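Now for the letters of each chain:
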Amino acid sequence: MNGDCKNSLPEKGTGPTHLMKLSSYLLAVRPWTLSGSVMPTLLGCAIAYKYMPPSFVFSWIIVVFTLITVISVHCAGNVVNTYYDYIKGIDNRKSDDRILVDHILSKDEVVSLGAILYMIGCLGFVFLAMMSPAKMEHLALVYFGGLSSSFLYTGGIGLKYIALGDVLILIIFGPISVLFAYMSQTGSLEWANILYAIPLALNTEAILHSNNTRDLESDRKAGIVTLAILIGHTSSYILYAFLLFTPYIAFVVFAVRYSLWFLLPLITLPSAFRLEKQFRASDLMQNVPKQTAKLNLYFGFLYVLAVSLTDAQSLPFIH
């Protein structure tokens, strides 16, 4: 058996293959979290499609560059989070994020990856600004606000470590992404889009809150402060249930008042109940954040689909 294992290992000095290195970089950006930025971006595009001024034509090229820009910044923020969590001693052998803990990538490689992703995001923004009818300064204000927030979540002052990370996530993965996508298409800043963003923002915050609740004890030992630590496990469960189920209540109200298409996201309600039960059982908490992110993907897709299928005259808030 030992001989077989020895033969299966790469020769010393050959290093990892390009494919293995690529998979390591892919793992580092945490693709399972991307629904948190992709879905509000698509929602903003869907609303823009419904309310596109007669003098404008909806552009799928702008959609593509908007997604490239947003996804790049989100991935860069994830990489920054990996780096600073490791530097501050928060990530350990029990952590989900194994990139630096298991030396899958070096610290220099992680820093380089983050810089490249921010660069791609900025290039995407430049091309987007050239094509979008929005004023450059307005688009830049929203974009660089989101970019700086993605860094400050754990970099710089590290808002995550002083119990402000939850507030930041609610703003970025909701209003900011929806406003940015809508403005890129229409050239206008419609503040009513924030109301559309709330259900997605709450559902996305449930991912972070479940993660922080699961890591409550290890985070406390590391000396950082999160909302989950401040309010304790029982109150964290109540908050998680609120974040998880409030959007469904909103969709029932929307369906009654505006369009039955808003009942589509309720297809995911059984999954939400399963997650709520897992959250209560501490021994089942390990996979709750990733399962909540999976729910967020389906939930967000059905929400975007509901907006797309609803007649523009029946959609609320924007006229």
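Quantities reported herein were computed from a predicted structural model and do not represent experimental measurements.

For the chain, the count of helices and strands is 12 helices and zero strands. Counting from the amino terminus, helix and strand elements in the chain follow one another as α-α-α-α-α-α-α-α-α-α-α-α. The C-alpha atoms of the chain give a radius of gyration of 21 Å, which matches the 20 Å a tight globule of 319 residues would have. Counting only C-alpha atoms and orienting by the principal axes, one finds that the chain spans roughly 70 × 45 × 40 Å. The burial tally for the chain puts 50% of its 319 residues in the buried class. Split by element, the accessible area of the chain, about 15700 Å² in all, is 67% carbon and sulfur. Of the charged side chains in the chain, 21 are positive and 19 negative; the average position of the first set lies 3 Å away from that of the second.

Looking now at the packing of aromatic side chains. Evaluated as defined, the whole model comprises 21 aromatic pairs. Measuring from ring centre to ring centre gives 6.2 Å for Tyr-84 and Phe-151, while their planes differ by 90°; the resulting arrangement is edge-to-face. You can see Tyr-84 sitting in helix 4 (residues 60-87) and its partner Phe-151 sitting in helix 6 (residues 136-152), a full 67 residues away along the chain. For Phe-151, a relative accessible area of 31% corresponds to the partly exposed category. Taking 6.2 Å as the distance between ring centres and 35° as the angle between the ring planes, the aromatic pair formed by Tyr-143 and Phe-180 counts as tilted. One end of the pair, Tyr-143, is in helix 6; the other, Phe-180, is in helix 7 (residues 165-186), with 37 residues separating them in the sequence. The pair formed by Tyr-143 and Phe-180 is uniform in burial state, with each residue classed as buried. Among the aromatic residues, those joined into a ring-pair cluster are Tyr-196, Tyr-248, Phe-251, Phe-254, Tyr-258, Phe-262, Phe-299, Tyr-303 and Phe-317.

Rules behind the numbers
Residues numbered from 1 in each chain as written. Predicted model: local features only at pLDDT ≥ 70, side-chain atom pairs only at ≥ 80, totals over all residues. Heavy atoms only, no water. Helix = DSSP H or I, 4+ residues; strand = E, 2+ residues; numbered from the N terminus. Rg over C-alpha atoms; globule rule 2.2 N^0.38 Å. Buried < 20%, exposed > 50% of the residue type's maximum accessible area, 1.4 Å probe, protein only. Areas by Shrake-Rupley, 256 points an atom, 1.4 Å probe, with all protein chains shown as cover. Lys, Arg positive; Asp, Glu negative; His and termini not counted. Charge placed at Lys NZ, Arg CZ, Asp CG, Glu CD. Phe/Tyr/Trp six-rings, centres within 6.5 Å; stacked < 30°, edge-to-face > 60°.

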